[in-house]
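Here are the chains, one letter per residue:
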Amino acid sequence: APFCFLNGNPVFNAFDVFQLFIQNSVIQLHDLLQGNLGVENAYGPSIILFTVFIRTVLFPLNYQQIATTQKTQALNPKVQEIREKYANNKDLQNQMTALLYQETKVNPLAGCLPALIQ
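Keep in mind it's a predicted model, so treat the numbers as computed, not measured. Along each chain, residue indices are assigned from 1 in the same order as the chain's sequence is written. Reporting of local features is limited, given that this is a predicted model, to residues whose pLDDT is at least 70; pairs of side-chain atoms are given and counted only at 80 or more, and all residues count toward the totals for whole chains, interfaces and linings. The side-chain figures draw on all heavy atoms in the structure; neither hydrogens nor water molecules are used.

A. Up close: the packing of helix 3 (residues 76-85) against helix 4 (residues 90-103). Helix axes are fitted to C-alpha atoms over the stretch in contact, other axes to C-alpha atoms as well, and angles between N-to-C directions run from 0 to 180 degrees. Comment: elements are numbered from the N terminus, with helices defined as DSSP H or I runs of at least four residues and strands as E runs of at least two. With their axes 9 Å apart at the nearest point, helix 3 and helix 4 run at an angle of 160° to one another. Classified by the angle between their axes, helix 3 and helix 4 sit roughly antiparallel to one another. Helix 3 and helix 4 meet at a crossing whose hand is right-handed. Contacts between helix 3 and helix 4 pair Lys78, Val79, Ile82 and Arg83 from the former with Gln93, Met96, Thr97, Leu100 and Tyr101 from the latter. Tallied by class, residues from the contact of helix 3 with helix 4 come to 5 nonpolar, 2 polar and 2 charged. For classification purposes, angles smaller than 35 degrees are called roughly parallel, those larger than 145 roughly antiparallel, those between 65 and 115 roughly perpendicular, and all remaining angles oblique. The hand of a helix crossing depends on one turn: near helix anticlockwise from the far one by less than a right angle means left-handed, and clockwise means right-handed. Contacts between residues were defined by any pair of non-hydrogen atoms, one from each residue, lying within 4.5 Å. Three residue categories are used. Nonpolar comprises Ala, Val, Leu, Ile, Met, Phe, Trp, Tyr, Cys and Pro, charged comprises Asp, Glu, Lys and Arg, and polar comprises the others, including Gly.

B. How the structure looks around the nonpolar core. Counting residues in each nonpolar core, the largest one holds 7 residues, listed as Leu75, Val79, Ile82, Tyr86, Leu100, Tyr101 and Val106. At the level of secondary structure, the elements contributing two or more residues to this core comprise helix 3 and helix 4. In this structure Leu100 touches Leu75, Lys78, Val79 and Ile82, once residues within four positions along its chain are discounted. Nine residue types can take part in a nonpolar core, namely buried Ala, Val, Leu, Ile, Met, Phe, Trp, Tyr and Cys, and a core is a set of them joined through side-chain atoms within 4.5 Å. Only protein chains enter the area calculation, which uses a 1.4 Å probe; residues under 20% of their type maximum are buried, those over 50% are exposed, and those in between are partly exposed.

Below you can see the structure in the form of C-alpha cells.
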C-alpha cells in the first residue's frame, strides 16, 4: 500500500485507493505495451494513454460545465439589470434572478458539479 503519514484518516485512505487505481492502471498499460507490443521504456506512453482515456471519460462532464458557464455568462447583463433595478431589495433581487434562471432553464450550479466530480 502507498505510504501515508496520516494512516487511519478516511479521507487519506480513500486517496490511497485512488492512487492504487492509477498506479495499477499505468503498470498494466506498461506491461501491455512492453510485453505484447514490444515498446521499450513504455512508462511514458502508458501515462499518456491513461491520461487520454481519463480525459475521454470525463469529456461529457467537461462539456456540460462549459455549456452551462456560457449560458450563465450570456445571462449576466440581465442579472446586472435586475441588481440595478432592485438594488434596495435583496429578497426581490434574488427572486427575480431565480425566475430568470427558471425561465431560461439555466442552472448556474450545474457548472460547479462537474468540476467537483473531476
